[in-house]
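# Commentary on secondary and tertiary structure
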Amino acid sequence: VCIDDAEIVEEISGVHLFIKSDYQDIGKLQYIYKEESIDCNGIEYGADVISDLLVPLEEVDRVSKLITEKTAARAMIERGEECSYFNSGGKYIIK
């Protein structure tokens, strides 16, 4: 590893938001995540689809409201633990 390869990253104080949806809404949700620059830590596909979002603390209410509105309240939102994280080239490092 060389110092030339180093990059500056910002530590973000945030929270995990787990979004449980059906397959019908996942495309719409992924579009929202991209358009709103919402960090998605992963998506689990099973009977339902669960997205693990990393959301800055000051954005939690806005993001929750947006998802509720755009899915006509079909998506279930569960607030997880608070955390600090870094976004390094689309890879998330969670402290």
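What counts as what
- Residues numbered from 1 in each chain as written.
- Predicted model: local features only at pLDDT ≥ 70, side-chain atom pairs only at ≥ 80, totals over all residues.
- Heavy atoms only, no water.
- Salt bridge = Lys/Arg side-chain N within 4 Å of Asp/Glu carboxyl O.
- Helix = DSSP H or I, 4+ residues; strand = E, 2+ residues; numbered from the N terminus.
- Buried < 20%, exposed > 50% of the residue type's maximum accessible area, 1.4 Å probe, protein only.
- Contact = heavy atoms within 4.5 Å.
- pLDDT = per-residue confidence, 0-100.
- Core = buried A, V, L, I, M, F, W, Y, C linked by side-chain atoms within 4.5 Å.
- Expected span 1.5 Å × (residues − 1).
- Arc of directions from axis to C-beta.
- Polar contact = N/O pair within 3.5 Å; in protein donor to acceptor, adjacent residues only side chain to side chain.

Next up on the list: the pattern of salt bridges. A full pass over the atoms with the stated rule returns five salt bridges. Among the ionic pairs, R62 bridges to E36, the shortest N-O distance being 3.0 Å. Pair noted here: R62 is in helix α2 (residues 60–70) and E36 is in the loop between α1 (23–35) and β2 (39–45), with a separation of 26 residues, a long-range link. Residue E82 pairs with R79 through a salt bridge whose shortest N-O separation is 3.5 Å. Residues joined by salt bridges that share partners form a network here, namely E36, E59 and R62.

This paragraph deals with the environment of V9. As for its position among the elements, V9 is in the segment before β1 (11–21). Note on V9: relative accessible area 34%, which makes it partly exposed. Expressed as a C-alpha distance, the spacing of V9 and Y85, which sit 76 residues apart in the sequence, is 9.8 Å. Beyond its immediate sequence surroundings of up to four residues, V9 is in contact with F86, N87 and S88.

This part is about the confidence of the model for the protein chain. Mean pLDDT over the protein chain stands at 90; residues scoring 70 or higher make up 92%. Element-level pLDDT for the protein chain is lowest in strand β5 (residues 91–94), with a mean of 70, against a maximum mean of 97 in α2.

Time to look at the nonpolar core. Nonpolar side chains in soluble globular proteins tend to end up buried together. Within the largest apolar cluster, 16 residues are counted, with the highest numbers of intra-cluster contacts made by I19, L53 and I67. Counting residues per element, the ones that place at least two in this core are β1, α1, β3 (49–56) and α2. Apart from the residues within four sequence positions on either side, I19 is in contact with L29, Y33, V49, I50, S51, L53, I67, A75, M76 and I77.

The terminal C-alpha atoms of α1 lie 19 Å apart, and with 13 residues this matches the ideal 18 Å at 1.5 Å per residue to within 8%. Along α1, the residues classified as buried are D25, I26, L29, I32 and Y33. Down the axis, α1 shows its buried residues gathered within 125 degrees of arc, on one side only. Turned more than 90 degrees from where α1 packs its buried face, Q24, Y31 and K34 sit exposed. Buried residues along α1 sit against β1, β2, β3 and α2. One side-chain oxygen at the N-terminal end of α1 lies 3.2 Å from the backbone nitrogen of Q24; it belongs to D22. Phi turns positive one or two residues past the end of α1, at S37, with a value near 55 degrees.

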